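Descriptive analysis of the structure
One letter stands for each residue in the lines below.
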Amino acid sequence: MIPSLLERKIEKRPDKVKLKGRILFLTEDPELIKKQLAGWDLPWDTKTPANNPKLRDDISTDEITPAHYCFYFDETLGEIPYLGLKCGGVLPIGRGEVKKGGFVAAVSGKRRGKGSSREQSPYAELCAGIRLVIAENIERIYKQNCQNLGVLTSTNFGLIDKVRGGEEIPLAEFTQGEDEITRQIIEYGGLFPFNVARLQGKVFLPPIETKKRPMTVAEKIFARHMIHHKDQVGLPAVKPGDAGFARADLRFSHEYVTPMASIFFEQLVGKDAPVNDPSTIIFFRDHLTFLDEVISEEKRKMGLLDLATQLKFKQQDFAKSRGIKLHGELRDRKGSEGICHSIVLESYALPGQLNVGSDSHTPHVGAIGCVAFGIGTTDVFNSWITKDVRVRVPESVKVVIRGQRRPNVTAKDFILKILSLDYVRSGKALAKVMEYSGEAIEELSVDERATMTNMAAEIGGFTGIVAPDRKVVEFLAERRGMERKRAQELTAGLNSDADAEYAHVIELDAADITPMVATPGDPGNGKYIREMNTPVPVEIAYGGTCTAGKNEDMDMYALVLGEALRQGKRVAASCKFYIQFGSQETREYCVRKGYLGIFKQAGAIVIEPSCGACINAGPGVSTRPDQVVISAQNRNFPGRSGPGQMYLASPLTVAASAVAGYICEYEPAEQRELVSA
């Protein structure tokens, strides 16, 4: 306990709020946005919505704050909200224009704030004057980040008239439908003041009194970790909607988030204040180790490379001063020890744990049967104080993939198929646990399951999970060196009850799924390669990131390139093929298997571990709008990895396309031989 927090004066917001300022409507028509920025107020008919211009849907946090601007971790962010927002093929908003425009509210369509968990996005909006965000539906992490910072959110478009009329709005308008804890966080103006009030005993934490019931595997893990009377941990049962605080087994963050969180901590808690249990906190330097190779001269002149270096130093200093483990850069060559998700899966996470991280792809480790989810900067620094995170137990969606998959189909094809379904694209899966099951899932290795759980983030889900089984026991025994008996004990009882309740069940037949791509703009733009009408030439192929830089992904790249070499082929002269390891463990695996020689002989460019191209910060990024990229990464939002046209695909498809020079399915050698015979 930090004594100064017990003496801090904390007060609630007034019961009514009055928002003074203009409203910015983020429309599909860029000219309408430009006119608003110039001072014109767009008319809006709240009674007859059909009369209004179309609002932009699917605005990602990459568009609100493009990755390179996240090197700022102070109020400078107020100059850059929506700089990456693409409407009608153009970027209508310039630096500082939102702040100069006197806007107090921003309005958009479906799935606002999808993608990265970066809290820089709502913080940039807040620093630019935005106090209210209105959208048809709002992604979980983005909404929680807004609440943590004190930004109000709503799906009620009727508020537009109230703001424009200068009316007072009851604070209850923004708390209705929320659980008791979220209501109080909004009333106190953010997570930190709420937590101070909590430490002082001023807030009401409703008891969870759910009676024993059939539960999903995720609900069982939540029940084990929920905090109840007198800081005791563990409950007999929980149900969707139960809200409280959960004790985290692991808390991790990377250099994009740690510096901002550490500044919040030092300013609001104390320059020399200790963190709670540093042994369960991990830092990573994994995002920006190759930035200097791709950053433009223009951005260098803006000082962004220097800012990125400051992120590294700030994280190092905070880790050293608090005794926190930092997985950093390599000392003998360029690169990092590994991507946070890769290392947490390889070395730290255990079945049945509850883990939180400063990245939306934290669900990666759900592959071994733990509940893991992304949190924002404010959640991160608050967890350093309390060792817990607020949780509202989510509903679960069961995804059952039956049957046997085709030999050229991977977990990436499964997840691209799921992302293309109307249930997901319409936002119905938002903030839900995605539980993957069925014979085709059970047959997948832990590495492949991690692709499925990792990309629960693209679904907009709370997390992804696979109930741990013999494959997980084998992973822990063979990859971690754990005693098999201990591994079996950890997985015992971690399965969903036969009569557990689900919000929805998705059923697919693996045999119906053939290799897929997601066309440029969104991971949900999935289509079967064989249904593409004309060949799509590619200039860049990229295999790597947390999603596709694992051991088994390397097996796939080596399989395709090895077959190509035996046929006298190499990577096409018109294409550059980058292969980037997710961790040093995976690099060493490739050395043992002899893959580095295959990659080099086939003409692939091998890169040490880092997030790299996936966040526009390493080799493999596009440099022209007309440049076509095929990538095994998880996202292809506009501008995320350069200005080009990015297709998402499996490691097999990416490697096969690199050899062909155009997007194509991988055909196993034995299958080709049968056809030719």
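Residues numbered from 1 in each chain as written. Predicted model: local features only at pLDDT ≥ 70, side-chain atom pairs only at ≥ 80, totals over all residues. Heavy atoms only, no water.

Description of empty space enclosed by the protein
Applying the stated rule across the entire model yields 6 cavities of 30 Å³ or more. Approximately 260 Å³ is the volume found for the largest cavity. What lines the largest cavity is a set of 23 residues, among which H254, H287, D359, I615 and R640 lie closest to the centre. Each residue belonging to the lining of the largest cavity can be placed in one class, and the counts come to 8 nonpolar, 11 polar and 4 charged. (1 Å grid on protein atoms, 1.4 Å probe; cavity = no way out; pocket = protein on both sides within 12 Å on 5 of 7 lines; lining within 4 Å. Points joined across faces, edges and corners; volume = space filled by probe spheres on them. Nonpolar A, V, L, I, M, F, W, Y, C, P; charged D, E, K, R; others polar.)

Let's talk about the sheet that holds strand β19 (residues 504-509)
Taken in spatial order, the 4 strands of this open sheet run β18-β17-β16-β19, and their pairing is parallel. In this open sheet, the two edge strands, each paired with only one partner strand, are β18 (463-465) and β19. On average, adjacent strands in this sheet sit at an angle of 20° to one another, irrespective of strand direction. Sitting on the sheet, helix α17 (residues 411-420) is in contact with β16 (396-402), β17 (433-437) and β19, with an inclination near 130° to β16. (Pairing = 2+ DSSP bridges. Helix = DSSP H or I, 4+ residues; strand = E, 2+ residues; numbered from the N terminus. Axes fitted to C-alpha atoms, helices over the stretch in contact; angles between N-to-C directions. Contact = heavy atoms within 4.5 Å.)

Here we look at the sheet that holds strand β13 (residues 354-357)
Sheet architecture is open: 5 strands sit in the order β12-β11-β10-β13-β14, paired in parallel fashion. For this open sheet the edge positions go to β12 (325-327) and β14 (371-374), each flanked by a neighbour on one side alone. Across the sheet, the mean angle from the axis of one strand to that of its neighbour is 20°, orientation sign disregarded. Alignment of β13 against β14, held across 4 bridges, turns out to be parallel.

What about the layout of surface pockets?
By volume, the largest pocket is sized at about 870 Å³. Going through the elements one at a time, α6 (140-149), β5 (152-154), α8 (172-175), α9 (180-188) and β15 (388-392) are the ones with two or more residues in the lining of the largest pocket. Of the residues forming the lining of the largest pocket, the biggest block, 4 residues, is contributed by α6. Partitioned by chemical class, the residues of the lining of the largest pocket number 12 nonpolar, 12 polar and 9 charged.

Details of the packing of aromatic side chains
The tally for this structure, following the rule as stated, stands at 17 aromatic pairs. Judged by centre distance (6.0 Å) and plane angle (80°), the rings of Y557 and F577 are edge-to-face. With a gap of 20 residues between them, Y557 in helix α25 (residues 551-566) and F577 in strand β23 (residues 576-580) connect regions that are remote in the sequence. Y557 gets classed as buried once you look at its relative accessible area, which sits at 0%. Taking 6.1 Å as the distance between ring centres and 40° as the angle between the ring planes, the aromatic pair formed by Y595 and F599 counts as tilted. Placement of both Y595 and F599 in helix α27 (residues 595-602) is noted, with a separation of 4 residues, approximately one turn of the helix. Across this residue pair, the class does not change: Y595 and F599 are buried. Taken together, Y123, F192, F264 and F381 form an aromatic cluster joined through their ring pairs. Taking the ring centre of F462 as reference, the NZ or CZ of R140 above it sits at 4.3 Å. One Lys or Arg, R198, reaches over the ring of F245 and ends 3.7 Å from the middle of that ring. (Phe/Tyr/Trp six-rings, centres within 6.5 Å; stacked < 30°, edge-to-face > 60°. Buried < 20%, exposed > 50% of the residue type's maximum accessible area, 1.4 Å probe, protein only. Lys NZ or Arg CZ within 6 Å of the ring centre and 35° of its normal.)

Considerations on the nonpolar core
By size, the foremost hydrophobic cluster in this structure holds 105 residues, and its most contacted members are Y82, F222, F373 and W384. Tallying contributions element by element places helix α14 (residues 304-322) first for this core, with 6 residues. Contacts of Y82, omitting those with residues within four sequence positions, involve L24, L26, E63, I64, I93, V98, A106, R112, E125 and I130. By size, the runner-up hydrophobic cluster in this structure holds 41 residues, among which are I401, A411, A440 and Y542. (Core = buried A, V, L, I, M, F, W, Y, C linked by side-chain atoms within 4.5 Å.)

Topic: helix α28 (residues 651-660)
Burial within α28 is extensive, with 9 of its 10 residues counted as buried. Listed as buried for α28 are P651, L652, T653, V654, A655, A656, S657, A658 and V659. Summarising the contacts, the buried residues of α28 are in contact with β22 (540-543), α24 (545-548), α25, β23 and β25 (628-631). Positive backbone phi, approximately 90°, marks G661, located one or two places after α28.

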